[in-house]
Amino acid sequence: MRVLITGGKGGTGKTFIASNLAYAASLRGLSILLVDADISNPSTWITLGAPRPKPVSTVYSFRPLIDKSRCNLCGKCVEVCPAHALVLIPGRDLLLIDTLCEGCSLCMYVCPLKAVREGSNVAGWVLRTQLKSLPIIIGELRPGERREDTVITELLKQCENLEVSIKAKLTFIDAPAGSGALMRKLIRFSHTYLCVVEPTPLSLNDFMRLTKVIELNKTIVILNKIGTSPTMESKFRSILKELKVRWVEIPFLKDIASSYANSIPLPDSPIWPRLSSKFLEILEMILGRN
Amino acid sequence: MEVVVASGKGGTGKTFIASNLLYYLSVIMSRKCVGVDADVEAPDLALALGGYSRVEYEVKSYAARRPVINMSKCIRCGLCIKVCRSAAISLVDNVPRVDIEECEGCGVCAAACPVGAIDMVSYSIGKIVAGTVKYGVRVISGELDVSMSNSGRLVYELKSTAKKLYSNYSELFIVDAAAGIGCPVISSIVGADLLIIVMEPTPQSIQGALRLKHVAETLHVKYVTLVNKYDLNPKVLNSLRRDLNIIGEIPFDNVVFESYANMTPLLRYRSDSEVSRRLMNIFNVLYEEFMG
């Protein structure tokens, strides 16, 4: 079963929950896989203090290769490029601005002289590391690259392979912030959703957006940073009751922030006894659905 | 003048900085400015400033296109399926079918179709809303429909709409970007005059800031870094001050949560707090150096 850790807004504690829950579950002898799909800034392995990940595969996206001997600078490709990544210097040159290119290859198909050929650029990587019995696979976007979808697609392919080879009982997937197309891909791929939220109106707003696309009967809300705003906390509770969504509350402790900042996994830190029952409760809720 | 607030990692305080900077500029400095919420997958800037008290503009965005296949012309050759890099077209009962949600709207299928059976039509992916929030601050927000692609395209349209609507009113735009370094963030940074990177002193956030810096350098955009909650782990900053061009450090204080819960910028909610004092100093420096 695949569990997606999401939440909408950034910084509510998705990576904190995903990393520590996966690690805690692996310590109980279950076969667990942790997948880091926050490809802009993958940091599950940092949070757990795992060894630096090593590349498993490289992902490429399309880039135009312009055959200057064929190109007559007609400008047709410049006209159609949806990303405005091609620049024509009339009568002199045709330039590609790599960071703007979305890798769609439309330029190649509209060129009347077949002067644009199939080239490629690195879009990102899939990497792997391991913490004790917990394998972690990670998608990483190359800074400056826009084709996030290609990296996610490769990551999910590697995830499926690894799930089979380690006979994974549970796969935890750490999602990026947001609610767009990447999130939809991850939602379709997963079976259960953990929505990590914090007691602020902003987080509530983003959570309500997510409820439009996730099935609430397959959702568990993690109400994180309890104790920072009693009014927002009771507002969340009454909304969750109304939506008939189950939830678990995690207190805000400065010690948590410090274990997070020092890359100490929660189950190995001195505050674990104060929090272990919360994490086991979440794990039981997830397993109870099987 | 276009100033973008971003961070490689989410939740480091982008909207906190952007909303307080807008309050500082409009109310404290009486300087006209416009807030642009480019976090189109989680748009919260107006909320952090108390919500829109008056909406002056609300228009659906047709910033993207989607293919429509004319079945009477289609010869079932399958070329569109082969050329699509998003795997958004598949054969269902020998008929090509477009998965609108997977489609990026590039138009390669239409260009490749040998019989011209595919038309690209404008497609609504979200909306753009503009108006006045409390304290008279002008804010314009992009809101991507949930689970939609093309967030980068919506950001471009948002920024050009902001200029169309407000360039007579002000030349100073404060853009609140999304988390990460992906497509919508690149679209937010392209063409900006200054990038403010908001970072926390955690290894997760430092990695994010360094990755964002890389993007800024690729796009030739000047950047400075503000460290939020710096006192959680101040030691790590020594080696980064020069590398990230750190110009300000803000301590952790629970009062920031309280100001959020009250949807009030901290500079107004608790102007006497240490965090407010630090923010004022940082904004004064930014104003003198870049916006004066």
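Scroll up to find the structure this text is about.
The next thing to look at is the interface of chain B and chain A. Bring the parts together and some accessible area is lost; that lost area is often taken as the interface size. Contact with chain B, which involves 59 residues of that partner, is made by 61 residues of chain A. Around 5,000 Å² of area is buried between chain B and chain A when both sides are counted, 56% of it from carbon and sulfur atoms. It is Arg85(B), Val146(B) and Gln204(B) in chain B that bury the most area against chain A; as a group they hold 14% of the surface buried on that side. Lys185(A) is the salt-bridge partner of Glu102(B), the closest N and O atoms lying 3.0 Å from each other. Of all elements in the fold, only helix H2 (45–48), helix H4 (108–112), strand E9 (138–144), helix H5 (151–166), helix H6 (183–189), helix H7 (203–218) and helix H8 (255–261) of chain B reach the threshold of two or more residues within the side of chain B that touches chain A.

This brings us to the nonpolar core. In this structure, Ile140(B), Ile189(B) and Leu195(B) are the most contacted members of the largest nonpolar core, which totals 83 residues. Element by element, the count of residues in this core is highest for helix H5 (residues 148–166) of chain A, at six residues. Listed in part, the 41 residues of the second largest apolar core include Ile5(A), Ile17(A), Leu21(A) and Leu283(A).

Okay, a nonpolar patch on the surface next. All names here are of chain A. On the surface, Val 87, Ile 89, Leu 95 and Ile 97 cluster together into a nonpolar patch covering about 260 Å² of accessible area. Within the secondary structure, Ile 89 sits in strand E4 (residues 86–89). Given the relative accessible area of 34%, Ile 89 is considered partly exposed.

Let us now look at H5(A). Residue and element names in this part refer to chain A. With 19 residues, H5 should reach 27 Å at 1.5 Å per residue; the first-to-last C-alpha distance of 27 Å fits that figure. Taken together, the buried positions of H5 are occupied by Glu 148, Asp 149, Thr 150, Val 151, Ile 152, Glu 154, Leu 155, Leu 156, Gln 158, Cys 159, Leu 162 and Glu 163. Directly after H5, the chain includes Lys 167, whose backbone phi takes a positive value near 50°.

Right, let's talk about the environment of Phe62(A) for a bit. With respect to the helices and strands, the residue Phe62(A) is situated in strand E3 (residues 54–66). By relative accessible area, Phe62(A) is classed as buried at 3%. Residues Phe62(A) and Arg274(A), spaced 212 residues apart in sequence, show a C-alpha to C-alpha distance of 50 Å. Discounting residues that sit within four places of it in the chain, Phe62(A) has contacts with Cys101(A), Gly103(A), Cys104(A), Ser105(A), Cys107(A), Met108(A), Arg117(A), Glu118(A), Gly119(A), Ser120(A) and Arg85(B).

Relative to the assigned elements, Asp174(A) resides in strand E8 (residues 170–174). In this structure, Asp174(A) is buried with no salt-bridge partner, the nearest side chain bearing the opposite charge being Lys14(A) at 6.3 Å.

Right, let's talk about the sheet that holds strand E6 (residues 116–131) of chain A for a bit. Residue and element names in this part refer to chain A. Reading across the sheet, the nine strands line up as E3-E6-E7-E2-E8-E1-E9-E10-E11 and stay open at both edges, with mixed pairing between neighbours. The outermost strands of the open sheet, each flanked by one partner alone, are E3 and strand E11 (246–251). Strand-to-strand twist in this sheet, taken as the mean axis angle between neighbours without regard to direction, amounts to 20°. Two elements, strand E2 (residues 32–36) and strand E7 (residues 134–141), share three bridges in a ladder whose sense is parallel. Among the inter-strand pairings, Asp 36 is bridged to a residue of E7, identified as Ile 138. Against the sheet, H5 touches strand E1 (2–6), E2, E3, E6, E7 and E8, its axis set at about 165° to E7. Contacts between helix H10 (residues 272–288) and the sheet are confined to E1, E8, strand E9 (192–197), strand E10 (219–226) and E11, with E11 contributing the most and set at about 160° to the helix.

Residue and element names in this part refer to chain B. An order of E3-E8-E9-E2-E10-E1-E11-E12-E13 is seen for the nine strands of this open sheet, with the pairing classed as mixed. With one partner strand each, in any of the chains shown, strand E3 (52–61) and strand E13 (246–250) form the two edges of the open sheet. Across the sheet, the mean angle separating the axes of adjacent strands is 20° when strand polarity is ignored. Across seven bridges, the pairing between strand E8 (residues 126–133) and E9 is antiparallel. Across the sheet, residue Ile 128 finds its bridge partner in E9, namely Gly 142. Against the sheet, H5 engages strand E1 (2–7), strand E2 (34–37), E3, E8, E9 and strand E10 (173–179), with an angle of about 155° to E9.

Cut-offs applied
Residues numbered from 1 in each chain as written. Chains lettered and ligands numbered in written order. Predicted model: local features only at pLDDT ≥ 70, side-chain atom pairs only at ≥ 80, totals over all residues. Heavy atoms only, no water. Contact = heavy atoms within 4.5 Å. Buried area = accessible area lost by both parts, 1.4 Å probe. Salt bridge = Lys/Arg side-chain N within 4 Å of Asp/Glu carboxyl O. Helix = DSSP H or I, 4+ residues; strand = E, 2+ residues; numbered from the N terminus. Core = buried A, V, L, I, M, F, W, Y, C linked by side-chain atoms within 4.5 Å. Buried < 20%, exposed > 50% of the residue type's maximum accessible area, 1.4 Å probe, protein only. Patch = residues over 30% accessible without salt bridge, like charges linked within 9 Å, V, L, I, M, F, W, Y side chains within 5 Å. Areas by Shrake-Rupley, 256 points an atom, 1.4 Å probe, with all protein chains shown as cover. Expected span 1.5 Å × (residues − 1). Lys, Arg positive; Asp, Glu negative; His and termini not counted. Pairing = 2+ DSSP bridges. Axes fitted to C-alpha atoms, helices over the stretch in contact; angles between N-to-C directions.

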